[in-house]
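# Topology and contacts: notes
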Amino acid sequence: MPSHPLFSDKTIALSATLAATIGLEEAVLLTVLNDAASLQSQAWARLGKQALRQQLPFWDDVTIRRILQNLLDKGLLTLSGPMFPDAEGLMFSFTPPAGQPQASAPAPQPRPAVAEPRPRPATATPMNPPAAPPANLKQPLPERWRPNTETLQRLEQHGIPASFSWSQLDAFLLQGHEQGANRNDWNVRFFRHVKSQWVFARNDAARQQQRLQGTFNPQQEDALPIRHDWQPHEDALQILQRAGIDPQFIADAVPEFVLYWVERGDVSKTWNSKFIQHVRQQWARFSASAEHSSLPTRITDNWQPSPDCFDILAMAHIDRQFAEQRVPEFVLYWRDSNQVHNSWNSRFLQYVKQQWGKRLAQPSGDTNGQQATAQPGYTTAAASVQRLKDTNW
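This text gives an overview of the structure that appears in the document. (Residues numbered from 1 in each chain as written. Predicted model: local features only at pLDDT ≥ 70, side-chain atom pairs only at ≥ 80, totals over all residues. Heavy atoms only, no water.)

### Details of the nonpolar core
- Membership of the largest hydrophobic core comes to 28 residues, with the highest contact counts inside it found for Leu29, Leu33, Leu52, Leu68 and Phe92.
- By residue number, the principal contributor to this core is helix H2 (residues 24-38), which donates 8 residues.
- Counting 20 residues, the second largest nonpolar core, distinct from the first, contains Ala323, Phe330, Val352 and Leu360. (Core = buried A, V, L, I, M, F, W, Y, C linked by side-chain atoms within 4.5 Å. Buried < 20%, exposed > 50% of the residue type's maximum accessible area, 1.4 Å probe, protein only. Helix = DSSP H or I, 4+ residues; strand = E, 2+ residues; numbered from the N terminus.)

This is the structure we're talking about:
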C-alpha cells in the first residue's frame, strides 16, 4: 500500500513507551537529540541551532527552550554552554554530572551513544586540557583548586589585598570539601567568602581599637559606620526585585542612601535592612507620584475614567450605563477646548453629576404633572439634586 502523500520528508521514530514515561514533547526532543548524538563519537555531542529548528519546524524557540528545560530538570540531559537559543550550537551529553544519579527512563531501543558514553575525567589537569569538563559544568571542589586571576583582581578592587585573599584559601577548601556540593561557581563563592571574612576582620580590628581607647560600647557590638563604597547584599536586592521594584531604581537609590548615612555618622549592623526600608518608601512615593501626577495634562483621545469613578457614582445612585454614555461627549468637549487639568477623573465626576441632576429636574410625561424620580427613595427631583450636591460621603 502506498504511503500517505503528506509524508514527503523524514519522520521521527518515536517510542510509545518513552512518550508515556517522560511525556510526548520531551520524548520527541530527546529522540532528535539522541539521533544527532548517535552520529558523533565525542562524549559531548553538538547540534547547531538552525539544524535543531529544521528538525522541529512545528515548534518555536520558546517551546523548544521550555521542553529542553524539562529534560534538564528530569535529569535526562546535561548541557554545556548557553541555553538554546542563546548560542549558535547546543552542546549536550546524556551523562549526568559527577555526584548525580542517572535518570531511570526506559529507552525505546538500544542507543549506543547513551548507554556507553565515553568516561569523563572528574577534574581538570594541566597535562590533559582537552579532556577537562566544561567550565559551567557542576563538579566538586578539586583538592588543589585555586582562584583565577579575575577573582583576585575583583577582590583588590574592593580594597582587599591579595595576601588576605590567599590566607582564606585553606578555610575555603576545607569548607567546600566538607559540604561535598557540586557547583560551577567556585570562584564566585570564593569571592563572597573572602569579602565576608574581610568585613569580619575589619569589625574585629575596629572593636579592638575601641577597647584600647576605652570607647568600646558592648551595646553596639558589630555596629559600624557605613562605608563610602557600601553596596547592598544580593539577598536585599532579590527581596526588593521580588517586590516589583525596578532594578535601575534600586541602583540609583544606593548613592543617596550612602551619602545620607555617611553625613549623619551613625553606626548600625543592619544596613541592608535600612536600605530595604528606604527603597520601599521611595518606590511607594515614586509610584504614587507617577499615578497621580501634579502636572496638568491634556486629555487623550482614548481616555477612559478609572473604575473608582464608577464606584463613587454608584454610591450617589447614578446609573453606570448613563455615566458610560457621557464619556465620548466629555472627551470631545475637553479635547476641542485644548485645556489641561491635573485630574480628569475629578472633572468627569463633576460633569456626570451635573448631567444626572439636569435629567432628574426634567418634567416627566405622566398625567399628574409630577417630576420624575429616577431612583427609589427620591421623592422629588429637587431632593435628588440636593442629594447629588451633598459631598459628605
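Still to come is the rest of the account.
### Some details on the pattern of salt bridges
- Overall, the coordinates contain 11 salt bridges when judged by the stated rule.
- With a closest N to O distance of 3.8 Å, Glu88 and Lys49 form a salt bridge. Of the two residues, Glu88 sits in the loop between strand S2 (78-80) and strand S3 (89-93) while Lys49 sits in helix H3 (residues 49-55), which places them 39 residues apart along the sequence.
- The exposure class of Glu88 is exposed, given its relative accessible area of 57%.
- Lys49 sits in the buried class, given a relative accessible area of 12%.
- A salt bridge links Arg53 to Asp61; the nearest nitrogen and oxygen atoms lie 2.6 Å apart. (Salt bridge = Lys/Arg side-chain N within 4 Å of Asp/Glu carboxyl O.)

### Notes on the environment of Val188
- Positionally, Val188 belongs in helix H9 (residues 186-213).
- For Val188, a relative accessible area of 33% puts it in the partly exposed group.
- Counting along the chain gives 41 residues from Val188 to Pro147, while the straight-line C-alpha distance between them is 9.2 Å.

### Focus on the packing of helix H13 (residues 307-315) against helix H16 (residues 344-361)
- Packing of H13 against H16 brings their axes to within 10 Å, and their N-to-C directions diverge by 30°. Classified by the angle between their axes, H13 and H16 sit roughly parallel to one another. Crossing of H13 over H16 shows right-handed handedness. On the side of H13, the interface is formed by Cys309, Ile312 and Leu313, while H16 contributes Asn345, Phe348, Leu349, Val352 and Lys353. (Axes fitted to C-alpha atoms, helices over the stretch in contact; angles between N-to-C directions. Parallel < 35°, antiparallel > 145°, perpendicular 65-115°, else oblique. Left-handed = near helix turned anticlockwise from the far one by under 90°. Contact = heavy atoms within 4.5 Å.)

### Quick notes on the packing of helix H15 (residues 327-337) against H16
- Contact geometry for H15 and H16: axes closest at 11 Å, N-to-C directions at 120°. Viewed along their axes, H15 and H16 adopt a mutual orientation that is oblique. When the axes of H15 and H16 are compared, the crossing they make is right-handed. Across from Val327, Glu329, Phe330 and Trp334 in H15, the residues of H16 making contact are Trp344, Arg347, Phe348 and Tyr351.
- Across the contact of H15 with H16, the residue classes tally to 6 nonpolar, no polar and 2 charged. (Nonpolar A, V, L, I, M, F, W, Y, C, P; charged D, E, K, R; others polar.)

### Looking at the sheet that holds S3
- Taking strand neighbours across the sheet as the criterion, the 3 strands line up as S1-S3-S2 in an open arrangement whose pairing is antiparallel. The outermost strands of the open sheet, each flanked by one partner alone, are strand S1 (45-48) and S2. When strand polarity is set aside, the average angle formed by the axes of neighbouring strands in this sheet is 35°. (Pairing = 2+ DSSP bridges.)

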